[in-house]
Amino acid sequence: TPKISSYNLHVLTQHLKLDHFVLFSSSTVLFGSVGQAAYVAANAYMDALAAYRQHHDLPALSIQWGTVANIGLAAQSEERGNRLENEGVTPLQPDECTAIFTAVSNISNSAIGAFYFDIHKWKDHYTSAKENPFFNNLSIKKVETAQDSSATNRERDSFAAVDGSVHTSITA
């Protein structure tokens, strides 16, 4: 799969002096996804590969993208997109992804989540999340991008960060 092919890129480039080594992961590694265990595992592998590369002083960043409007798995099925939105995960716009990519290009973390997330909707939909320490310890942060000049309602609990160490957060 394309996700596991990231290892081949790592092997073929580890001796090169690269400025960036960016992997496109998925936010499903943070929340899981019904019926997609292999997809979650493949994305978690890319996050681990980024951490491994950084540990060996090689550049790496794995961006855990959320849903993007009109693109990807969630866009292929209106039912899936609606389900995610009801659960609190709303899609990014493609131009927001460009701004996010630019904003995180020099971040030092090995993985970063880029998605809109409404923790309150999530906890209402998944009642077990109300008592789950992972969700209770989420911290919400905002890092401005070049396109971010005014507050909007999309800033609501936008990008989730865990402990501020492994995952950082940004919003567009």
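Note that the coordinates shown come from a computational prediction; the quantities given were computed from them, not determined experimentally.

**Q** What am I meant to see in unusual backbone geometry here?
**A** A positive phi is found at D57, a non-glycine position, where the angle reads about 60°. In this fold, D57 is placed in the loop between helix 3 (37-55) and strand 2 (61-65). Take D57: its relative accessible area is 73%, and that puts it in the exposed class.

**Q** So what exactly am I meant to see when it comes to the packing of helix 1 (residues 6-13) against helix 3 here?
**A** To characterise two packed helices, one gives the angle between the axes of the helices and the distance between these axes. Between helix 1 and helix 3, the shortest axis-to-axis distance is 10 Å and the interhelical angle comes to 20°. Between helix 1 and helix 3, the angle is such that the two are roughly parallel. The two elements helix 1 and helix 3 cross, and the hand of that crossing is right-handed. Every residue of helix 3 that contacts helix 1 at S6, Y7, H10 and T13 is listed here: Y45, M46, L49, Y52 and R53. Counted by class, the contact of helix 1 with helix 3 contains five nonpolar, three polar and one charged residues.

**Q** Help me understand the side chain of N43, please; the structure alone is not making it clear to me.
**A** Relative to the assigned elements, N43 resides in helix 3. Classification of N43 as buried rests on a relative accessible area of 0%. Setting aside chain neighbours within four positions, we find N43 in contact with K3, F24, S25, S26, T28 and V29.

**Q** Please explain the confidence of the model for the protein as it appears in this structure.
**A** This prediction gives the protein a mean pLDDT of 77; 76% of its residues lie at or above 70. When mean pLDDT is compared element by element in the protein, helix 1 scores highest at 94, while strand 7 (residues 159-162) scores lowest at 37. Note on residues 143-172: pLDDT under 50 across the span, and 89 contacts to partners over four residues away in sequence or across chains.

**Q** Looking at this structure, I do not really get helix 6 (residues 94-104). What am I missing?
**A** Since the α-helix advances by 3.6 residues per turn, residues separated by three or four positions end up pointing in the same direction. What helix 6 keeps buried is the set E96, C97, A99, I100 and V104. End-on, the buried residues of helix 6 take up no more than an arc of 165°, which puts them together on one face. Set apart from the buried face of helix 6 by more than 90 degrees, the exposed residues are T98 and T102.

**Q** I would appreciate a short explanation of the sheet that holds strand 2 in the present structure.
**A** Sheets are built from strands paired through backbone hydrogen bonds, the pairs being either parallel or antiparallel. Across the sheet, which stays open at both edges, the three strands sit in the order 1-2-4 with parallel pairing between neighbours. Each edge of the open sheet carries a strand with a single partner, namely strand 1 (22-26) and strand 4 (111-114). With direction set aside, neighbouring strand axes in the sheet form an average angle of 25°. On top of the sheet, helix 3 reaches strand 1, strand 2 and strand 4; it is set at about 145° to strand 1, its chief contact.

About the criteria used
- Residues numbered from 1 in each chain as written.
- Predicted model: local features only at pLDDT ≥ 70, side-chain atom pairs only at ≥ 80, totals over all residues.
- Heavy atoms only, no water.
- Helix = DSSP H or I, 4+ residues; strand = E, 2+ residues; numbered from the N terminus.
- Buried < 20%, exposed > 50% of the residue type's maximum accessible area, 1.4 Å probe, protein only.
- Axes fitted to C-alpha atoms, helices over the stretch in contact; angles between N-to-C directions.
- Parallel < 35°, antiparallel > 145°, perpendicular 65-115°, else oblique.
- Left-handed = near helix turned anticlockwise from the far one by under 90°.
- Contact = heavy atoms within 4.5 Å.
- Nonpolar A, V, L, I, M, F, W, Y, C, P; charged D, E, K, R; others polar.
- pLDDT = per-residue confidence, 0-100.
- Arc of directions from axis to C-beta.
- Pairing = 2+ DSSP bridges.

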